[in-house]
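# Per-entry structural report
Below, each chain spelled out in residue letters.
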Amino acid sequence: MKPIKYYLFPLILVCVIISGFCIRNKSDQLSITADNGGLTLPDGFSALIVADKLGSGRHIVVNGNGDIYLALHSLHKGSGIVALRDVDGDGRADSIRYFGKTISTGIDISGGYLYYSNFDEVLRVPLSGKELVPAGEPVVIATGFEAQNQHQDKTFALDGSGNLYVNVGAPSNACQEVDRTPGSKGIDPCPQLDRHAGIWKFAGDKPNQGQMTEGHHYASGIRNSIALAWNNTNNKLYVVQHGRDQLGQFYPNLYTDQESAELPAEEFFIVEDGDFFGWPYCYYDQFKKQKILAPEYGGDAKATGRCDKAKSPIMAFPGHLAPNDLMFYTGNMFPDRYRNGAFIAFHGSWNRSPMEQKGYFVAFVPFENGLPSGEMETFADGFAGVKVIKSPNDAKYRPMGLAQGPDGSIYVSDSEEGRIWRIIYKKK
Amino acid sequence: MKRKVIIIFVAPLLLIAGYSFRFNSDSVLIQENPLSGSQLYIKYCQTCHQADGGGVRGMFPPLAGNSKITGSADELVRIVLFGMQGSIIVNERDYNQVMPPQGYLSDKQIAGILSHVRNNWGNKAPDIKPEEVAKIRKLGKPKE
């Protein structure tokens, strides 16, 4: 028998060739469907359905090993999170496991931990990278939030430097004496700003921090920002706000049905320590390009009143589109123009009636130096499955969460049927 | 002569008065000819509960095919007058939002809206009369 050194090299060569084929086969075998899972996408992009019927999907995150975690807004099989793993490399989830005792919306991964939130707290649990379902006990990181019956999702962003930023939505539409009631005045000053309608900052690793004790009141005057993301290019927090509802319904003398459908804008903010963005006193009119005094506070659809004190948006979107997730693209798979740009999931409107509802698509906004460098464009559409949406229930799917995979794919979750799409780009 | 003059002047005055009285009662009639239940629904309810009465999944419960709508009239009137909040399940789906009190609407308006929603989109239940709304309004907001 010859010494090992004589056939070591050929052996290694064979191994390298085989493994090379395996890797190639893996990415070539993605089971893209001809109709892209019902989505319409720009040229060169295609999509596959990762999984279906998972429950009411909310935010989504993909781990470095490709495992997917999806928060659920109502318990499914008794659990509030679903974990998915693609074992055979075709892109479709083979192993689907449910865990977590409470319903969730926010979900993210940082520093080897899975962070997730419900209405009352933000928790984290270590991820080993091997087990799909985290084996450890979750630890509460942020807590002590007041119970509320609207905008209660404690969505959050992590900055990668150990800090956690939690969205605490307003417990009302416009801080009226009687919420959502015609003729009811706005409370001045609005006491809800003390504990709501802003961003609170916490240490990402310290257990049981109370909102009003260890939590730092980072920014205020944000009605509700389900969509928030940290931008690594300039180390700043960005959020997209859900603007207030029902201008025309409560003030038919000031707003036509058409104006009420378009106003106010959904505002895109850069959020820095100490910022105030205007809710409930002001809203942004994207046609006049300025903050306008809310009618509950004496506004007449034109006066700007005290609104010069509110920080302006970096971009304004049409009213009521419901921006429910924001993600900056840092991958290499998509063409260069997408790099560091913002993807926004517009869940779609409910209160543009009697006009048709709008939204229900994923938008892309190109960025340069931390600011939008072009108009918003439709990136993924067709979720609703119908041309005209009179009522949100007409939509078969509604885009809710966005995540980037380790290869630069984008994952989109749906809130209605519990579908996940994976969107890829292939050079021609 | 003097009497004749009085009649000549007074008669048209009476006629005018009579006409204007008619006009007056007409305008009262116009004011009392209120929006129908379906028009009031569009104005006050449709934004959330939608034109098809289907509500919004995950936010606002449907009125169509909802047994609370076609069930107890008193309970339904109470919800509209005094609002409701907290988690409810309708047709196996969760809803957890705020229904603001609509007590600023008149008994007649609420009766019109509720009769409309109880007899549309496949719902079928007896109309609700303004007196029934008045009765619940008088009882006041139930203690929590």
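Conventions we followed
Residues numbered from 1 in each chain as written. Chains lettered and ligands numbered in written order. Predicted model: local features only at pLDDT ≥ 70, side-chain atom pairs only at ≥ 80, totals over all residues. Heavy atoms only, no water. Helix = DSSP H or I, 4+ residues; strand = E, 2+ residues; numbered from the N terminus. Buried < 20%, exposed > 50% of the residue type's maximum accessible area, 1.4 Å probe, protein only. Contact = heavy atoms within 4.5 Å. Areas by Shrake-Rupley, 256 points an atom, 1.4 Å probe, with all protein chains shown as cover. pLDDT = per-residue confidence, 0-100. 1 Å grid on protein atoms, 1.4 Å probe; cavity = no way out; pocket = protein on both sides within 12 Å on 5 of 7 lines; lining within 4 Å. Points joined across faces, edges and corners; volume = space filled by probe spheres on them. Nonpolar A, V, L, I, M, F, W, Y, C, P; charged D, E, K, R; others polar. Core = buried A, V, L, I, M, F, W, Y, C linked by side-chain atoms within 4.5 Å. Pairing = 2+ DSSP bridges. Disulfide = S-S within 2.5 Å. Buried area = accessible area lost by both parts, 1.4 Å probe. Salt bridge = Lys/Arg side-chain N within 4 Å of Asp/Glu carboxyl O. Polar contact = N/O pair within 3.5 Å; in protein donor to acceptor, adjacent residues only side chain to side chain. Axes fitted to C-alpha atoms, helices over the stretch in contact; angles between N-to-C directions. Left-handed = near helix turned anticlockwise from the far one by under 90°. Phe/Tyr/Trp six-rings, centres within 6.5 Å; stacked < 30°, edge-to-face > 60°. Lys NZ or Arg CZ within 6 Å of the ring centre and 35° of its normal.

## Some remarks on the overall build of chain B
Scanning chain B for helices and strands turns up 7 helices and 4 strands. Going residue by residue from the N terminus, the α and β elements of chain B occur as α-α-α-α-α-β-β-β-β-α-α. A burial count over chain B gives 33% of its 144 residues as buried. A fraction of 55% describes how many contacts in chain B between residues 6 or more apart in sequence connect residues 24 or more apart. As displayed, chain B offers around 9,200 Å² of accessible surface, 61% of which is attributable to carbon and sulfur atoms.

## Observations concerning the confidence of the model for chain A
Residues at a pLDDT of 70 or more form 93% of chain A, whose mean pLDDT is 93. A low-confidence stretch, residues 19–27 of chain A stays under pLDDT 50, and its non-local contacts, those more than four residues away or across chains, total 1 contact.

## Looking at empty space enclosed by the protein
This structure, assessed with the given rule, holds 2 cavities of 30 Å³ or more. Each pocket or cavity is described by its volume, and for the largest cavity that value is around 620 Å³. In terms of residue class, the lining of the largest cavity is built from 26 nonpolar, 9 polar and 2 charged. There is about 50 Å³ of room inside the second largest cavity.

## What about the confidence of the model for chain B?
All names here are of chain B. Of the residues in chain B, 76% have a pLDDT of 70 or more, and the chain-wide mean is 82. Within chain B, the lowest mean pLDDT, 49, falls on helix α1 (residues 2–32), and the highest, 96, falls on helix α6 (residues 107–117). In the predicted structure, residues 17–32 sits below a pLDDT of 50 and forms 1 contact with residues beyond four places in sequence or in another chain. Model confidence for the complex: the whole-complex pTM is 0.87, and ipTM, which rates the interface, is 0.76.

## Brief notes about the nonpolar core
Counting residues in hydrophobic clusters, the biggest one holds 41 residues, and the most contacted among them are F334(A), F343(A), F379(A), I420(A) and I423(A). The biggest single contributor to this core is strand β1 (residues 45–51) of chain A, with 6 residues.

## Comments concerning the environment of Y44(B)
Take Y44(B): it is sitting in helix α2 (residues 37–44). Along the chain, Y44(B) and I113(B) lie 69 residues apart, while their C-alpha atoms are 9.1 Å from each other. Setting aside residues up to four positions removed in sequence, Y44(B) forms contacts with Q249(A), Y104(B) and L105(B).

## Observations concerning the pairing of strand β12 (residues 198–203) of chain A
Judged from the 6 bridges that link them, strand β11 (residues 163–168) of chain A and β12(A) form a sheet pairing that is antiparallel. Its bridge partner being in β12(A), V168(A) is matched across the sheet by G198(A).

## Here's the deal with the state of the cysteines
One pass over the full model with this rule turns up 2 disulfides over all chains. There is a disulfide in this structure between C175(A) and C190(A), and the S-S distance comes to 2.1 Å. Between C175(A) and C190(A), the S-S dihedral sits near 95°, and the bridge is therefore right-handed. With C175(A) in the loop between β11 and β12 and C190(A) in the loop between β11 and β12, the pair connects residues that are 15 residues apart, well separated along the chain. Take C175(A): its relative accessible area is 0%, and that puts it in the buried class. Considering cysteine sulfurs only, C48(B) is the nearest to C45(B), which forms no disulfide, with 9.0 Å between them. Relative accessible area serves as the criterion here: at 16%, C45(B) is assigned to the buried category.

## Notes on the interface of chain A and chain B
On the side of chain B, 22 residues touch chain A, which itself brings 25 residues to the contact. At the boundary of chain A with chain B, total buried surface from both sides reaches about 1,900 Å², with 46% on carbon and sulfur atoms. It is N149(A), W350(A) and N393(A) in chain A that bury the most area against chain B; as a group they hold 34% of the surface buried on that side. Our count for the contact surface shared by chain A and chain B stands at 1 salt bridge. One salt bridge in this structure joins E416(A) and R57(B), with 2.5 Å as the shortest N-O distance. Connecting chain A to chain B are 11 residue pairs in polar contact (both at pLDDT 80 or more). Broken down by class, the residue content of the side of chain A that touches chain B amounts to 7 nonpolar, 12 polar and 6 charged.

## Brief notes about the packing of α6(B) against helix α7 (residues 130–139) of chain B
Think of two packed helices as two axes; the pair is described by the angle between the axes and how far apart they sit. All names here are of chain B. Running from N to C, α6 and α7 cross one another at 115°; their axes reach a closest spacing of 8 Å. Between α6 and α7 the crossing geometry is right-handed. Of the residues in α7, those touching α6 at D107, K108, I110 and A111 are P130, V133, A134 and R137. Partitioning the contact of α6 with α7 into residue classes produces 5 nonpolar, no polar and 3 charged.

## Remarks on the layout of surface pockets
Estimates place the volume of the largest pocket at around 1,200 Å³. Of all the elements in the fold, those that place two or more residues in the lining of the largest pocket are β3 (68–76) of chain A together with β3 (93–95) of chain B. The leading source of residues in the lining of the largest pocket is β3(A), at 4 residues. Looking at the lining of the largest pocket residue by residue, the class counts come to 11 nonpolar, 21 polar and 14 charged. Reported here for the second largest pocket is a volume of approximately 730 Å³. What lines the second largest pocket is a set of 30 residues, and nearest its centre among them are V61(A), D108(A), I109(A), M327(A) and F328(A).

## Let's talk about the packing of aromatic side chains
Residues and elements named next belong to chain A. Scanning all chains against the criterion turns up 35 aromatic pairs over all chains. For the ring pair F328 and F367, a centre distance of 5.3 Å and an interplane angle of 80° mean the geometry is edge-to-face. On the criterion of sequence distance, the pair formed by F328 in strand β22 (residues 323–328) and F367 in strand β25 (residues 367–368) is long-range, its members being 39 residues apart. Judged by its relative accessible area of 9%, F328 falls in the buried class. A centroid spacing of 6.1 Å and a plane angle of 75° characterise the contact between Y329 and F343, whose relative ring orientation is edge-to-face. Placement of the pair is Y329 in the loop between β22 and β23 (342–346) and F343 in strand β23, with a sequence separation of 14 residues. Using a relative accessible area of 0% as the deciding quantity, one classes Y329 as buried. The buried category is assigned to F343, whose relative accessible area is 0%. By the ring-pair criterion, three or more aromatic residues cluster together here, those being F45, Y329, F334, Y338, F343, F364, F379 and Y425. A cation sits over an aromatic face here: R306 above Y281, 4.5 Å from the ring centre. Its guanidinium or amino end placed over the ring of Y338, R337 lies 5.2 Å from that ring's centre, counting from NZ or CZ.

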